[in-house]
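Structural features, examined
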Amino acid sequence: LDRRMLAELVGSEELRDLLDGDALVSLELELQALDDRWRAKSVGAAHDLLRRLGDLSPAELAVRVGPGVDVTELLVDRRAVRVRIAGEERLIASEDAGRYRDGVGVPPPPGLPEAFLTPVDDALLQLIRRWGRTHGPFVAREPAARFGLGVGAVDEVLQRLAEEGRLERGEFRPDGVEREWCDVEVLRVLRQRSLAVLRHQVEPTSAEALARFLPAWQGVMAPAPAVGSIGQAGGLDRLYEVIGQLQGVPLAASVLERSMIGTAVVDR
């Protein structure tokens, strides 16, 4: 269900019991390019990773590239530069220099083209928006710690993104204990994958198996050796069992007695 529809139906935004934990782990590995299928296999692809994921430490970038990819070429060609964010050395794409300067106060290194240093409107919003697109459900203190900012400043930006319909807030992580933020597209994919898991768990049985089961369950097969066993049997116990099976069925009592109970219960 859509989250808003769910809230209307049950008065809650809680999705913890509906989202699959394994699906979330797999999705987060993909979003962060930590799945083998998404690793950068060339220097150009490594540059694209920085553009898509944002700042990465040298170690973080190294685990996201394939063997034989020399990321130092990015620095030599000035396609990426070293900066310090939250007291840690990070690599950013040169195109993001102005965005990090205006968003989190990171001074760009000298020698970059002026086109990369033009003022950027809503720079912090853009950085946090990118954070949301590349992470699963998160709390405000996580991007705040990543960018070396106060939680209050980040929370204000998250509220703006929620008002714009780019983020949702609720209880999403199966193992979580507080309300999280989540990008709407990430949440959509997570719901789809969780639903696929559930559908796989309840795959329909074959028509032949259903045809064997229903007559036995309804008690219209050959007589069974004992009361209460699957098959046709009699006595008060069997009558009570049949009434329990039929409760809620919109049939007249005369029809139940003549056609249903009489078929499923043998006189003793």
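Relevant structure appears above.
Report on the accompanying structure.

Reading guide: rules and limits
Residues numbered from 1 in each chain as written. Predicted model: local features only at pLDDT ≥ 70, side-chain atom pairs only at ≥ 80, totals over all residues. Heavy atoms only, no water. Salt bridge = Lys/Arg side-chain N within 4 Å of Asp/Glu carboxyl O. Helix = DSSP H or I, 4+ residues; strand = E, 2+ residues; numbered from the N terminus. Buried < 20%, exposed > 50% of the residue type's maximum accessible area, 1.4 Å probe, protein only. Expected span 1.5 Å × (residues − 1). Arc of directions from axis to C-beta. Contact = heavy atoms within 4.5 Å. Polar contact = N/O pair within 3.5 Å; in protein donor to acceptor, adjacent residues only side chain to side chain. Core = buried A, V, L, I, M, F, W, Y, C linked by side-chain atoms within 4.5 Å. Axes fitted to C-alpha atoms, helices over the stretch in contact; angles between N-to-C directions. Parallel < 35°, antiparallel > 145°, perpendicular 65-115°, else oblique. Nonpolar A, V, L, I, M, F, W, Y, C, P; charged D, E, K, R; others polar.

1. Notes on the pattern of salt bridges
Evaluated as defined, the whole model comprises 19 salt bridges. Ionic pairing is found between D36 and R39, a salt bridge with its closest N-O pair at 2.7 Å. A salt bridge links R51 to E95, with the nearest nitrogen and oxygen atoms 3.5 Å apart. Taken together, the residues R51 in helix α3 (residues 43-53) and E95 in the loop between β2 (88-93) and α6 (97-104) connect sequence positions 44 residues apart. With relative accessibility at 26%, the residue E95 sits in the partly exposed group. Residues joined by salt bridges that share partners form a network here, namely D55, E60, E88, R90 and R146.

2. Let's talk about unusual backbone geometry
In this structure, R78 is a non-glycine residue whose phi angle is positive, near 60°. Along the polypeptide, R78 turns up in the loop between α5 (72-76) and β1 (80-85). Given the relative accessible area of 35%, R78 is considered partly exposed. Of note in the backbone geometry, A86 takes a positive phi value of approximately 55° without being a glycine. As for its placement among the helices and strands, A86 is situated in the loop between β1 and β2.

3. Structural notes on helix α10 (residues 184-201)
Its 18 residues give α10 an end-to-end C-alpha distance of 26 Å, which sits within 8% of 26 Å, the value for a rise of 1.5 Å per residue. Those residues of α10 that fall on the buried side of the exposure criterion are V186, L187, V189, L190 and S194. Taken around the axis of α10, the buried residues stretch over an arc of 165°, which confines them to a single face. For α10, the elements touching its buried residues are α2 (21-31), α7 (123-133), β3 (167-170) and β4 (180-183). Put simply, D183 is the residue that caps the front of α10, since its side-chain oxygen is 2.9 Å from the backbone nitrogen of E185.

4. A few points about the nonpolar core
The biggest cluster of nonpolar side chains holds 25 residues, and the ones touching the most others in it are Y100, V104, I128 and L158. Put simply, the parts of the chain that give this core at least two residues each are β1, α6, α7, α8 (141-147) and α9 (151-163). Examining the composition of this core, we find that five residues originate from one element, α7, more than from any other. Within the second largest apolar cluster, 17 residues are counted, among which are L49, L53, V71 and A93.

5. Some words on the packing of α7 against α9
At a closest axis distance of 10 Å, the pairing of α7 and α9 adopts a crossing angle of 75°. The orientation of α7 relative to α9 falls into the category roughly perpendicular. Mapping the contact onto sequence places L124, L125, I128 and R129 in α7 and V154, V157, L158, R160 and L161 in α9. The residue inventory of the contact of α7 with α9, partitioned by class, reads seven nonpolar, no polar and two charged.

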